[in-house]
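# Summary of the model geometry
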Amino acid sequence: MYRKISIGLASLLAVFQLQAQSVKTLTLKEAIDLGYTNSKQLMISNAKVKEAQAKLAEAKDRALPDVGVSGTYLHINTPNISMANSGSGSSSGSGSDSPLASLASLHDIGLAQVTASMPVFNGFKIRNTKIMNDYLQQAAQYDAQTTRSQVAINTIKAVYQYYELLQSRRTIEENLKGEQQRVTEFKNLEKQGLLARNDRLKAELQANNVELALTEINNSVKVAEYNLHILLGVPDDTTIQFDTTASFDLPKQITWEESLQTGLTNRTEIKSSDLQIKASESGYKIAKADLLPTLGVSAGYANVYIPNVFTVTNALNGGLSLKYSITGAIHAKHGMHEARARYEQATAYNQMATDQVKLDVRQKFLKSQEMVDKLIINQRAIEQAQENFQISENKYKQGLMILSDYLDADVALLRAKIQYFTTRADSMIAYYELQESMGTLQ
């Protein structure tokens with residue numbers, strides 16, 4: 001009676017635990033999209049793009065006239081005004097005969113004006129600043145695409161490694177059941193006097209080893225799953241499952257020459273460094289502009305009100321200004337040297353990026369080929385291990401093989417299965433890494 005109640009309570013508790021733990025099934029594309037949404041690194045790259053766009057907008061605004069509106073109001077006390085040529089040597093300013101008599105009652109001054117100025121020529125500094133920031137904004141977008149590819153490949157690797165661990169755990173669990181069943185059979189045979197104690201201990205030792213392997217892989221699964229929770233931004237109590245339909249279909253591989261050319265054409269690091277070179281060229285032109293004079297045009301409108309003195313309305317003005325800074329021209333040489341150094345740095349970085357792309361594509365191409373070959377070999381190894389185990393099992397039952405050799409065949413089959421799942425996942429990772437190295441990972 002109590003046993004039935006306990007079993008019922010345990011069943012209800014298991015149901016509640018399953019309900020509390022949500023299950024999320026994802027395709028590979030959905031996982032990558034979640035990786036994009038949750039990536040802090042991609043958020044930083046996107047923020048840098050917005051910053052570059054703001055700087056470009058600011059550079060464009062500098063081509064517009066500088067328009068300002070100002071108003072001034074002053075209230076002053078009654079001033080004491082002295083004239084050097086007055087007979088008494090001083091005058092209060094309140095005398096009606098004084099030329100400054102009208103200023104004696106001056107208490108308020110008002111000024112309102114509108115001004116507009118615009119550079120006509122400043123060595124094309126505004127134009128080159130706009131061009132430079134346009135290049136930098138495009139470079140920031142390519143940098144964001146580079147980050148996006150890195151997020152995608154990291155998510156892909158996490159997904160396939162997690163799936164490989166799940167498959168390996170399932171294989172070990174199935175093997176452990178077989179090992180435990182063998183131990184049970186050996187115990188019965190030992191009781192009947194048909195099996196030596198030493199053979200039963202060997203079977204138990206192998207079962208213990210498989211159980212230890214299961215403990216280790218359970219821990220690895222938990223770590224991989226938690227890593228996915230962080231990458232994808234899902235709650236920690238979520239069980240993640242993947243729809244692996246068509247996830248292990250390897251497309252036909254292209255040649256090395258095609259892979260290299262595709263990488264040199266599409267890699268965003270090279271495109272970004274090309275734009276950095278162009279931006280540094282514009283930076284040199286901006287520094288060189290300080291050697292030239294500046295020409296500006298200005299216009300204004302003013303109203304002036306001084307009670308008891310005068311009132312000015314509708315005062316319009318306009319003019320040109322020409323300026324040449326000798327000190328600025330001397331300092332410009334230093335700025336030009338700095339700009340030239342930045343150009344040389346950008347050129348060297350572009351060459352480094354090109355070399356790195358070549359090396360990256362080469363390594364990923366060879367790795368992809370290697371994993372395809374390993375996958376074929378591991379498929380053959382499973383068939384061989386399976387046949388070897390069956391032969392060994394039959395020979396052992398017939399008394400033609402010792403137990404150690406039989407157990408070794410069992411372990412070899414387990415290792416072959418685990419190695420196959422590992423190679424299968426690694427082959428897909430190698431394929432996507434090759435796509436990422438060619439700049440075609442979508």
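Okay, so let's go over this structure. Since we're looking at a predicted model, the values are computed, not measured.

### A short note on a positive patch on the surface
Taken together, the side chains of Lys60, Arg127, Lys130 and Lys285 define a basic patch exposed on the protein surface. Relative to the elements of secondary structure, Lys285 occurs in helix α7 (residues 268-288). A residue is classified by how much of its surface remains accessible, and Lys285, at 47% relative accessible area, is partly exposed.

### What about the packing of aromatic side chains?
What the rule picks out here adds up to eleven aromatic pairs. With a centroid separation of 6.1 Å and 75 degrees between ring planes, the pair formed by Tyr162 and Phe242 is classed as edge-to-face. Within this pair, whereas Tyr162 is found in helix α4 (residues 125-191), its partner Phe242 is found in strand β4 (residues 239-242), the two being separated by 80 residues in sequence. Exposure remark for Tyr162: the relative accessible area of 3% places this residue in the buried category. Judged by relative accessible area, Phe242 falls into the buried class, the value being 15%. Taken together, the ring pairs connect Tyr160, Tyr163, Phe248, Tyr431 and Tyr432 into an aromatic cluster. Over the ring of Phe248 we find Arg424, and its NZ or CZ is 3.9 Å from the ring centre.

### Here's the deal with the environment of Tyr406
With respect to the secondary-structure elements, Tyr406 resides in helix α9 (residues 403-437). Judged by its relative accessible area of 5%, Tyr406 falls in the buried class. The sequence separation of Tyr406 and Ile391 amounts to 15 residues, and the corresponding C-alpha distance is 9.1 Å. Not counting residues up to four positions away in its chain, the partners in contact with Tyr406 are Arg182, Phe389, Ser392, Glu393, Tyr396 and Met401.

### Topic: a nonpolar patch on the surface
Together, Met118, Val120, Val297 and Leu320 give the surface a local cluster of nonpolar side chains, amounting to about 370 Å² of exposed area. Relative to the helices and strands, Leu320 resides in strand β6 (residues 310-323).

### Regarding the packing of helix α3 (residues 40-61) against α4
Where α3 contacts α4, the axes come no closer than 8 Å and their chain directions differ by 170 degrees. When the interaxial angle is binned, α3 and α4 end up roughly antiparallel. Across the contact of α3 with α4, the residue classes break down as ten nonpolar, ten polar and six charged.

### Focus: the packing of α7 against helix α8 (residues 326-397)
Orientation of α7 relative to α8, taken along the N-to-C sense of each, is 170 degrees, at an axis distance of 8 Å. The angle between the axes of α7 and α8 places the two elements in the roughly antiparallel class. Residues that form the contact of α7 with α8 fall into these classes: twelve nonpolar, eight polar and six charged.

### Focus: α4
Between the first and last C-alpha of α4 there are 97 Å, a value that for 67 residues agrees with the 99 Å anticipated at 1.5 Å per step. Count one or two residues on from α4 and you reach Gly193, which has phi positive near 75 degrees.

Cut-offs used in this document
Residues numbered from 1 in each chain as written. Predicted model: local features only at pLDDT ≥ 70, side-chain atom pairs only at ≥ 80, totals over all residues. Heavy atoms only, no water. Patch = residues over 30% accessible without salt bridge, like charges linked within 9 Å, V, L, I, M, F, W, Y side chains within 5 Å. Areas by Shrake-Rupley, 256 points an atom, 1.4 Å probe, with all protein chains shown as cover. Salt bridge = Lys/Arg side-chain N within 4 Å of Asp/Glu carboxyl O. Lys, Arg positive; Asp, Glu negative; His and termini not counted. Charge placed at Lys NZ, Arg CZ, Asp CG, Glu CD. Helix = DSSP H or I, 4+ residues; strand = E, 2+ residues; numbered from the N terminus. Buried < 20%, exposed > 50% of the residue type's maximum accessible area, 1.4 Å probe, protein only. Phe/Tyr/Trp six-rings, centres within 6.5 Å; stacked < 30°, edge-to-face > 60°. Lys NZ or Arg CZ within 6 Å of the ring centre and 35° of its normal. Contact = heavy atoms within 4.5 Å. Axes fitted to C-alpha atoms, helices over the stretch in contact; angles between N-to-C directions. Parallel < 35°, antiparallel > 145°, perpendicular 65-115°, else oblique. Nonpolar A, V, L, I, M, F, W, Y, C, P; charged D, E, K, R; others polar. Expected span 1.5 Å × (residues − 1).

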